[in-house]
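Examining the three-dimensional arrangement
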Amino acid sequence: MKRFLIIASISIFLIACVNRKNEKRYLPHQVDKEVYFGMPLADFKNLKGPKVEQHDDGMPFRKVFFEAINGTLIKYLGYYFDAEDDMPLYEVIIGYNDEATVNTEATKLLGEPNYKETEWKFELKKEHDILAWVFEKKLIITALIPKTEWYEDTNKE
């Protein structure tokens, strides 16, 4: 019986890993692979530690963290967490060096805009839907998680 439980546990783990790898990530490779939308803030802090710095943007409904990136394309990554419940990660902001780069990289990552002419929206079966747009030198990618900042506005349409 013990052997069966071990084999069953390993099988479930491997199936979950294979399914996770087959899903499109919607985040650039500069974002750690362990970071995912819906990730609780406590898990994020344990993963990132001193690599990120908390920023108070005056908005009490969210917690904001920034990570400096020493790359040629990306200057920083911003991570937005809901301030309630499990404090899930619901938004990632990728700060690029210039507007031409952000547009090129957004298209490489997400394809041509498919929503409202200049935005992207992906309706996913196993994950939260994804909404993305470019603003100045930033690519904003958000998961439409209930009770978070963009969920209500997007679902009113």
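Shown above is the structure to which this text applies.
A brief look at the structure comes next. Here the structure is a predicted model, which is why all the values come from computation and not from measurement.

1. A short note on the overall build of the protein chain
A tally of helices and strands in the protein chain yields 4 helices and 7 strands. Each helix and strand of the protein chain, placed in order from N terminus to C terminus, yields the pattern α-α-β-β-β-β-α-β-β-β-α. In the protein chain, which comprises 157 residues, the share counted as buried stands at 36%. Expressed as a percentage of contacts within the protein chain between residues at least 6 apart in sequence, the contacts between residues at least 24 apart total 43%. Accessible area for the protein chain stands at about 10,100 Å²; split by element, carbon and sulfur atoms hold 54% of it.

2. Concerning the side chain of Glu-67
Along the polypeptide, Glu-67 turns up in strand β2 (residues 62-68). Exposure remark for Glu-67: the relative accessible area of 9% places this residue in the buried category. Engagement of the side chain of Glu-67 in a polar contact is seen with the side chain of Tyr-79, the distance being 2.8 Å. Not counting the four nearest positions on each side in its chain, Glu-67 is found in contact with Lys-48, Lys-51, Val-52, Lys-75, Tyr-76, Leu-77 and Tyr-79.

3. Examining helix α3 (residues 99-110)
Over its 12 residues, α3 runs 16 Å from end to end, which matches the ideal 16 Å to within 8%, given 1.5 Å per residue. Residues Thr-101, Val-102, Glu-105, Ala-106, Leu-109 and Leu-110 constitute the buried set of α3. The buried residues of α3 occupy an angular sector of 130° when the element is viewed end-on, so they sit on one face. Residues Ala-100 and Lys-108 are exposed on α3 and point more than 90 degrees away from its buried face. Looking at where α3 begins, the residue whose side-chain oxygen comes 3.2 Å from the main-chain nitrogen of Ala-100 is Asp-98. Directly after α3, the chain includes Gly-111, whose backbone phi takes a positive value near 85°.

4. Here's the deal with the sheet that holds strand β1 (residues 53-55)
Sheet architecture is open: 7 strands sit in the order β1-β2-β3-β4-β7-β6-β5, paired in antiparallel fashion. Two strands lie at the open edges of the sheet, namely β1 and β5 (119-122), each paired on one side alone. Each strand axis lies, on average, 20° off the axis of its neighbour in the sheet, ignoring direction. As paired elements, strand β3 (residues 74-82) and strand β4 (residues 89-96) share 7 bridges and run antiparallel to each other. When the sheet's bridge partners are listed, Tyr-80 is paired in β4 with Glu-91. This element, helix α2 (residues 41-48), spans β2 and β3 of the sheet and lies at about 20° to β2. In the packing of α3 onto the sheet, contacts are made with β4, β5, β6 (130-135) and β7 (138-143), and the angle to β7 comes to roughly 35°.

5. Here we look at the pattern of salt bridges
For side chains bearing opposite charge, pairing can occur when the charged atoms are close. Applying the stated criterion to the full structure yields 5 salt bridges. A salt bridge links Glu-67 to Lys-48, with the shortest nitrogen-to-oxygen separation between them at 2.8 Å. Note that Glu-67 is positioned in strand β2 and Lys-48 in helix α2, a separation of 19 residues in sequence. With respect to class, Glu-67 is no different from Lys-48; both count as buried. Look at the salt bridges and you will find they share partners, linking Asp-32, Lys-48 and Glu-67 into a network.

Conventions used here
Sequence positions are assigned chain by chain, starting from 1 and proceeding in written order. Per-residue local features of the predicted model are confined to residues with pLDDT of at least 70, and side-chain atom pairs are confined, for both listing and counting, to 80 or more; whole-chain, interface and lining totals are unaffected and use all residues. Working from all heavy atoms in the structure, the side-chain values ignore hydrogens and water. By definition, any uninterrupted DSSP run of H or I lasting at least four residues is a helix, any uninterrupted run of E lasting at least two residues is a strand, and each is numbered from the N terminus. Here's how the labels work: a residue is buried when its accessible area is under 20% of the maximum for its type, exposed when over 50%, partly exposed in between, all with a 1.4 Å probe on protein chains only. What makes two residues a contact is simply this: any of their non-hydrogen atoms within 4.5 Å. The method behind every accessible area is Shrake-Rupley, applied with a 1.4 Å probe, and residues are considered shielded solely by the protein chains displayed. We define a polar contact as two N or O atoms separated by no more than 3.5 Å, with the added condition that, inside protein, one atom must be a possible hydrogen donor and the other a possible acceptor, whereas residues neighbouring each other in sequence contribute only through side-chain atom pairs. Under the convention used throughout, the expected extent of a helix is 1.5 Å for every residue step, that is, one less than its residue count. In this context, the arc is that of the directions from the helix axis out to the C-beta atoms. When DSSP finds two or more bridges between a pair of strands, those strands are recorded as paired. A fitted line through C-alpha atoms represents every axis, and for helices the fit uses only the stretch in contact; the resulting angles, taken between N-to-C directions, go from 0 to 180 degrees. Put simply, a salt bridge is a Lys or Arg side-chain nitrogen that is within 4 Å of an Asp or Glu carboxyl oxygen.

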